[in-house]
Amino acid sequence: MVTIMKGLIPAPKGRVRTPVGHKYLEALQSKANGESSTSPRSSPVSTNQPGLDLSILGLTSGTAMDDIDFALCRFTQETPEAPLCLDIVQYDSVVMPSKIRTDIFSMLREDAAPPSMLSQMDAEMGHTFANAVHVFAHKHGISVDNIDLIGSGGQLVTLTGSPPKGQHRANMCLGEGAVISAKTGVTTVSDYRTAEQAVGRQGAPLFAYLVGLLLHHPTRMQICITIGGITTVCFIPSDKRGGVDAMYDWDTGPGTSMIDSAFRHFGLDPATDQGSSLLHGEICHEVVEELLGNDEYLRTRPPKTTAREIYGDAMTYKIIAMCGYRGCRPADTIATLTRFTSASIAQQMLLYGPGRDVINNSDIVVDGRGMSNPQLIADLQGEFPGATFGSFDKTGIPSNAKKAVGFAMQAMEALLGRALPVPTNADVRRPNTITGKLAPGLRWREIIEKSVAFGGAGRGWEGLPEVRELIVKQKGLS
């Protein structure tokens, strides 16, 4: 017998499911499906509302953990339906303290960190990011008080995008946003990957929306290859074939992480010794072919994402041992790792992309730390000789500021509750308006007032429309 307390309704047994779970999200889903909204709460939007003007600092640290990258962005938009404009006020990098970098690498190699160590690392990275914000601001004469939002990409240390049966998608991204907010006074958005995984996607890649908005072309396929610690590829068909609405992306596999790990194994610094003689060894093609043929991740169809769990130190040492068994010198091992990386990128593009002919008639834009490795680029150009290769810098956003700009834009969308475009090959196409976790700062009420005022309060469940055009108004100053 169920006892009902006065004024309360008993919860139903079992779980009640709806297609999306919220009227607001249902309205967004209807929009994505081309259906008309029938929301009774929608009302005409006033045309006398203030435009958007936000100063947002994006920050991130990549797989190599050498630097913390910053981009101070000013986003302006006259109305929700107008193009979004971006000014990159300043971008730069702050060196990652060697102690925390060493501690994290040690923790990852041991793969047995107790909860107390993880919590300490999370807090320590938050303090590290906050201190770096002040270093960046002081160096460039920027008042932290004038920054509306911080968008922190954190330091990713583990990512499970496709878990075994019975487990959940999960990640660990160090750098607690509440610490950054407390130490800077600025409202901070973080945990973007968790927000993606919460709605059923894999948590990475994260920047298709930015790449698509910046690169889409009326008549030509655009391809963006981001060679960071892990490599990501994004295909944006021509506008006449869908453009941003038809884009798709995935992590192809290794990037620079294993090459860097091998450099460290042989006593060199991957950040400063790229011109060493270790770049001129002989490739062991037998090892490359064995790796390409037996790699389970490479055989998996997209959507998919990966991280250091697969392409980290453990696999690097395995490949070093494979090469050593065949009599390879250190230089030969580096060359073999480099060829495996470039070959895996090309293999994935050919297996799961639009085909060799289409790729050879596309514009290929490359960014990430891998751009500084001439052999990686030469290998890709040799594989796709008909394609036009270029740098992401042509978009007006410097390559080394791209991710920081992306996290700044995601922070803005989280504040506004505005959905981001979702790649067509995502596990779930459901629009996601909760793109991060917010830690309020000293001006929290002020920026919330700004976000509510933008577009007016009469939009009902429909909320704000997705950004369809992004204009970079000026290039950053290094």
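This one's a predicted model, so the numbers in the text were calculated from it and none came from an experiment.

1. Some details on the overall build of the chain
Moving on, step 1. If you tally the helices and strands in the chain, you get 15 helices and 14 strands.
Moving on, step 2. The buried share of the chain, reckoned over its 478 residues, is 54%.
Moving on, step 3. Sequence-distant contacts in the chain: of pairs separated by 6 or more residues, those separated by 24 or more amount to 74%.
Moving on, step 4. Accessible area of the chain: about 21,900 Å², with a carbon and sulfur share of 53%.

2. A closer look at helix α10 (residues 313–325)
Moving on, step 1. Across its 13 residues, α10 extends 18 Å between first and last C-alpha, which sits within 8% of the 18 Å expected from 1.5 Å per residue.
Moving on, step 2. Burial in α10 covers these residues: Asp313, Met315, Thr316, Ile319, Ile320, Met322 and Cys323.
Moving on, step 3. Of the surrounding secondary structure, the elements contacted by the buried residues of α10 are α2 (98–110), α7 (257–265), α8 (285–294) and α11 (330–352).
Moving on, step 4. Following α10 by one or two positions, Gly327 adopts a phi angle in the positive range, close to 80°.

3. Things to note about the sheet that holds strand β9 (residues 230–236)
Moving on, step 1. Pairing is mixed across the open sheet formed by five strands, whose spatial order is β10-β9-β8-β11-β12. Since the sheet does not close on itself, it has two edges, and those belong to β10 (248–254) and β12 (388–391), each with one partner. This sheet shows a mean twist of 20° between the axes of neighbouring strands, independent of strand direction.
Moving on, step 2. Here helix α13 (residues 374–383) sits on the sheet in contact with β8 (222–227), β11 (363–367) and β12, set at roughly 150° to β8.

4. Topic: the nonpolar core
Moving on, step 1. With 48 residues, the main nonpolar core has Phe75, Leu86, Ile397, Val405, Met409 and Met412 as its most contacted residues.
Moving on, step 2. A total of ten residues in this core trace back to one element, the largest contributor, which is helix α14 (residues 402–416).
Moving on, step 3. Ranked by size, the runner-up nonpolar core spans 42 residues in total, among them Ala262, Ile334, Ile345 and Ile359.

5. Structural notes on unusual backbone geometry
Only a minority of non-glycine residues have a phi that is not negative, and only a minority of peptide bonds are not trans.
Moving on, step 1. A cis amide bond links Ala204 to the next residue, Pro205, at an omega of -10°.
Moving on, step 2. Here Pro205 shows up in the loop between α5 (192–198) and α6 (208–215).
Moving on, step 3. Note that the residue after Pro302, namely Pro303, is joined by a cis bond; omega there is 5°.
Moving on, step 4. By secondary structure assignment, the location of Pro303 is in the loop between α9 (296–299) and α10.
Moving on, step 5. One non-glycine residue, Asp191, adopts positive backbone phi at about 55°.
Moving on, step 6. Relative to the assigned elements, Asp191 resides in the loop between β7 (187–190) and α5.

6. A short note on α6
Moving on, step 1. The buried count for α6 comes to eight of eight residues, which makes it a mostly enclosed element.
Moving on, step 2. Every buried residue of α6 is listed here: Ala208, Tyr209, Leu210, Val211, Gly212, Leu213, Leu214 and Leu215.

Rules of the game
- Residues numbered from 1 in each chain as written.
- Predicted model: local features only at pLDDT ≥ 70, side-chain atom pairs only at ≥ 80, totals over all residues.
- Heavy atoms only, no water.
- Helix = DSSP H or I, 4+ residues; strand = E, 2+ residues; numbered from the N terminus.
- Buried < 20%, exposed > 50% of the residue type's maximum accessible area, 1.4 Å probe, protein only.
- Contact = heavy atoms within 4.5 Å.
- Areas by Shrake-Rupley, 256 points an atom, 1.4 Å probe, with all protein chains shown as cover.
- Expected span 1.5 Å × (residues − 1).
- Pairing = 2+ DSSP bridges.
- Axes fitted to C-alpha atoms, helices over the stretch in contact; angles between N-to-C directions.
- Core = buried A, V, L, I, M, F, W, Y, C linked by side-chain atoms within 4.5 Å.

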